[in-house]
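A closer look at the structure
Residue strings, one per chain:
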Amino acid sequence: MEGTTLLMRHFATLLGATSPDPAVQAYYADLQHKELLYVPRGMTVKQPITFTPEEATTHLVVVVEEGARVMIVETIGDSRRRAPRGARGKQTVKHGTELFVGDGATVDFLCLEDAPPHAEVWIQQRGRVGRGAKVTWRNVTLGGCNVVQELISEIAGEGAESAIDWIFSAQGPERQQLAVRNIFTAREGRGEITVKGIAE
C-alpha cells in the first residue's frame, strides 16, 4: 500500500492530467500501465536500474529521496523486441516520465528511444530537482517514422543543477519534433543543454 500511495501522490503532478493539450489528454485516456521507481533516502545504487515498458502506452514515476544516488536507463520502443502489448496496426508508442530528485540527491537518467521505423512515438519527460541536487539527462532519439519528444526540467531548489545532453538521428522520411527546456524557479541554480544530431 505504501508504494501505491507514493505513486498516486506523485502521478500526473508534473505532467498534468488536466492539461488542455489534446495530445496529453489522449495519452492519459489510453494509458495502460503506471510504474513507480523509488530510491530511499541516502541510498547509493551501484548498478543502473533499467526500465523497458512492454505496453504501448506507459508512465514511469521516479522518486529519488534526499542524498540518494542512482543511474536509470529506460528504453522506449525497442526495435529489437516485438510490438508492445496493445499496439494495433501502425505501431504507436506513448510514454511519460516524471522524475522527482530530492535535496542533495544525484541522478543520471538515460532515455533511449529506438522504435521500429514504422512507429509513431510520443514521449513527455518532466523533472523537478531539489536543493543542492543534480540531475543529468541523457536522451538518445533514434527510431520511428514520426517522433514527438519533449523534456522540461525544473531547477526548484537552491543550488540545484540540471544538465541535458541530447543526441538524435533521423534518416530519409523520418520526422522528429524535439523540445527541451531548463526552468529555474530557485536561486543559484545551474543548468546547461547540449543537443547534437544527424539528419540524412
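Scroll up a little and you will see the structure.
Owing to the predicted nature of the structure, the values given are computational and were not obtained by experimental measurement. (Residues numbered from 1 in each chain as written. Predicted model: local features only at pLDDT ≥ 70, side-chain atom pairs only at ≥ 80, totals over all residues. Heavy atoms only, no water.)

1. Thoughts on the overall build of the protein chain
Broken down by element type, the protein chain carries two helices and 12 strands. Expected size for 200 residues packed as a compact globule is a radius of gyration near 16 Å; at 16 Å, the protein chain falls within 12% of this value. Seen through its principal axes, the protein chain has C-alpha atoms that stretch 45 × 40 × 35 Å. For the protein chain, the residues scored as buried account for 46% of the 200 residues in total. (Helix = DSSP H or I, 4+ residues; strand = E, 2+ residues; numbered from the N terminus. Rg over C-alpha atoms; globule rule 2.2 N^0.38 Å. Buried < 20%, exposed > 50% of the residue type's maximum accessible area, 1.4 Å probe, protein only.)

2. Focus: the environment of Val62
Take Val62: it is sitting in strand β3 (residues 57–64). With 37 residues separating them in the primary sequence, Val62 and Leu99 have C-alpha atoms 4.7 Å apart. If near-sequence neighbours (up to four positions away) are discounted, Val62 is found in contact with Leu37, Ile72, Glu98, Leu99, Phe100 and Phe109. (Contact = heavy atoms within 4.5 Å.)

3. A closer look at the environment of Ile164
Relative to the assigned elements, Ile164 resides in strand β10 (residues 161–170). Looking at Ile164, the relative accessible area reads 0%, which means it is buried. Once the C-alpha coordinates of Ile164 and Arg181 are considered, the two residues, 17 residues apart in sequence, prove to be 9.0 Å apart.

4. A closer look at the sheet that holds strand β4 (residues 69–76)
Spatially, six strands are ordered β2-β4-β6-β8-β10-β12 in an open sheet, and the strand pairing comes out parallel. The sheet is open, and its two edges are formed by β2 (49–51) and β12 (190–199), each paired on a single side. Each neighbouring strand pair of the sheet contributes to a mean axis angle of 10°, computed without reference to strand direction. The sheet contact formed by strand β6 (residues 106–113) and strand β8 (residues 134–141) spans eight bridges and is parallel. Paired with Val107 across the strands is Val135, a residue of β8. (Pairing = 2+ DSSP bridges. Axes fitted to C-alpha atoms, helices over the stretch in contact; angles between N-to-C directions.)

5. A word on the nonpolar core
Val62, Val64, Leu99, Val101, Val107 and Phe109 are the most contacted members of the largest nonpolar core, which has 31 residues in total. For Val101, the contacting residues outside a window of four places in its chain are Val64, Val107, Arg128, Val129, Gly130, Ala133, Lys134 and Val135. Within the second largest apolar cluster, 12 residues are counted, among which are Leu7, Ala12, Val63 and Trp122. (Core = buried A, V, L, I, M, F, W, Y, C linked by side-chain atoms within 4.5 Å.)

6. Considerations on the side chain of Arg126
Summarising the element assignment, Arg126 is placed in strand β7 (residues 120–129). Overall, the relative accessible area of 11% leaves Arg126 in the buried class. Of note is the side chain of Arg126, whose polar atom sits 2.9 Å from the side chain of Gln124. Here Arg126 is in contact with Leu14, Leu15, Thr97, Glu98, Leu99, Trp137, Glu150 and Ile152, once residues within four sequence places are set aside. (Polar contact = N/O pair within 3.5 Å; in protein donor to acceptor, adjacent residues only side chain to side chain.)

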